[in-house]
Amino acid sequence: MDFLLSGISSVTIPQLIMYAVGIILIYLAIEKGYEPSLLLPMGFGAILVNLPLSGVLNQTLSGIGETKGIIEWLFNVGIEASEALPILLFIGIGAMIDFGPLLSNPIMLLFGAAAQFGIFFTLSVATLLGFDLADAASIGIIGAADGPTSILVSQIMNSKYIGAIAVAAYSYMALVPLVQPVAIKLVTTRKERLIRMPYNPVSVSKRIKIIFPIMVTVIAGFVAPMSVALVGFLMFGNLLRECGVLNSLSETAQDSLANLITLLLGITISFSMQAEKFVTWQTLLIMGLGLVAFIFDTIGGVLFAKIINLFRKNKINPMIGAAGISAFPMSARVVQKLAIKEDPTNHILMHAIGANVSGQIASVVAGGIIISLVSRLL
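Okay, so let's go over this structure. For clarity, every value in this text was computed on a predicted model and none was experimentally measured. (Residues numbered from 1 in each chain as written. Predicted model: local features only at pLDDT ≥ 70, side-chain atom pairs only at ≥ 80, totals over all residues. Heavy atoms only, no water.)

**Here's the deal with the packing of aromatic side chains**
- Summed over the entire model, instances satisfying the criterion amount to seven aromatic pairs.
- Look at Phe131 and Tyr161: their rings are 5.7 Å apart centre to centre, the planes differ by 85 degrees, and that puts the pair in the edge-to-face class. Remark: Tyr161 occurs in the loop between α10 (147-156) and α11 (162-174) and Phe131 occurs in the loop between α8 (117-128) and α9 (133-140); sequence separation between them is 30 residues. With respect to class, Phe131 is no different from Tyr161; both count as buried.
- Following the ring pairs from residue to residue traces out a cluster consisting of Phe117, Phe121 and Phe296. (Phe/Tyr/Trp six-rings, centres within 6.5 Å; stacked < 30°, edge-to-face > 60°. Helix = DSSP H or I, 4+ residues; strand = E, 2+ residues; numbered from the N terminus. Buried < 20%, exposed > 50% of the residue type's maximum accessible area, 1.4 Å probe, protein only.)

As C-alpha cells, this is what we get:
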C-alpha cells in the first residue's frame, strides 16, 4: 500500500494549483469554446507534467537509469532545438488566409503596423518592473495575439517564463470577444462607431496574389531578417493556396497539418507549465502585462485610425484599427458585431478582414524586429 500511496503523498501544493489550472483550461475549451484546439491539450498537459514522477518527463529510475519522457522529448526536439512546431504551424495559417481584401484596399496594411503598439509599450513597462530585457521582450509579444509567434520569440530569447507567456497569449486570443469591445469603447464615441465605409473592392489578379507573398518575404528579409522563418513560412503557406497547382497540398496544410501541429504544440508547451516554474508571482504579473499589451494593441490601432481621419475626407470607422491585431478572424468579427450593434445596416466586415490579415503579417514582422533589436542590445 505504501507503493500505491507514495504518489499521492508526494503531491505538493503548487502541483495541486496546476491541476486546477489544467481543469480551468479544459473547462474554457469545452464549455466556453475558447480556442479548444489549444487550451484543451494545454490543460490536459498541465496535469500530465505535474503528476509526481510523471512518465511524460525524463526520469532517473533506480536500477534502470534515465528514461525519456514523451512531452519533454517533444519540447526538446520541436521547440527548444529548432522551434519547428510553431514555425510549421505558420504554413497552415498562411494557407488559410485570403489576402484579397487587403490587396484591394492596401491602406489596411497601416493598421496591422499600428496595432502592434502594445508590444513595445508593454516591453517598456515590463523592463521598468524589473524583468530583464529578454524576458520583457517575450512578455511584450503577447500583445500580438499570436500564440506561435509568442512561443517562438520567448524560446529564442531563452525566456524563463515561456509557459506563462504561452498560456497568456492563447488565453487572450480566446478572450478577444470579451476584451476588445471594452477597449474599443474606451477610446471611441458612438458617432465614430456609426461611421459607414462603402466597400468597393478592386479586382485582384491571380498574378498579384502570387507575387504578394514572395514580395512580402523578400521585403521582410531586408527589414527584419530574424522574421524570415516566421514570415517566410506564413507566406509559403499562402503561396500554396494561391498558386492554383497545389490544391491538395494547400488543403492538407489548412486541415491535417494545421490540426496536427496545433495538437502537438498545445500538449508540448505544457512542459513549461511544471509547478516549480509556473506557480510564481511572476506568472500573475505576466498575465496582467499580457492583458495590458493586448489592450494597448487594440487602442493603438483605434487611435491611429482617428489620427488618419484628421486628414481624410472619407472617414474610416476607427474600430477598423482594432482589427489590426493577429487574432484572425475573431477580431474582424468583433468589429463587425460592434458596428451592427450600433447600426444594424452598417457592414464593415470586409474592411476589418483586410486590417486583420495585415495584422498577421505585422505580428510576425514585429516578432522578428524584437528578436533583432534585443539580440543587439544583450
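What follows continues from the structure just given.
**Describing the pattern of salt bridges**
- Inspection of the entire model under this criterion finds eight salt bridges.
- Notably, a salt bridge pairs Asp98 with Lys209, separated by 3.6 Å at the nearest N-O pair. Residue Asp98 is located in the loop between α5 (84-96) and α6 (100-103), and its partner Lys209 is located in helix α14 (residues 206-223); the two are separated by 111 residues in the primary sequence.
- With relative accessibility at 28%, the residue Asp98 sits in the partly exposed group.
- Salt-bridge contacts for Asp132 lead to Lys160; the nearest nitrogen and oxygen are separated by 3.4 Å. Of this pair, Asp132 sits in the loop between α8 and α9 while Lys160 is found in the loop between α10 and α11, placing the two residues 28 residues apart along the sequence.
- Under the relative-accessibility criterion, Asp132 is labelled partly exposed at 37%.
- Through salt bridges with shared partners, a single network forms among Asp132, Asp135 and Lys160. (Salt bridge = Lys/Arg side-chain N within 4 Å of Asp/Glu carboxyl O.)

**Thoughts on the nonpolar core**
- Counting residues in hydrophobic clusters, the biggest one holds 96 residues, and the most contacted among them are Phe99, Ile320 and Val335.
- When near neighbours in sequence (up to four residues on either side) are disregarded, Val335 contacts Ile184, Met319, Ile320, Ala322, Ala323, Ile348 and Ala352. (Core = buried A, V, L, I, M, F, W, Y, C linked by side-chain atoms within 4.5 Å. Contact = heavy atoms within 4.5 Å.)

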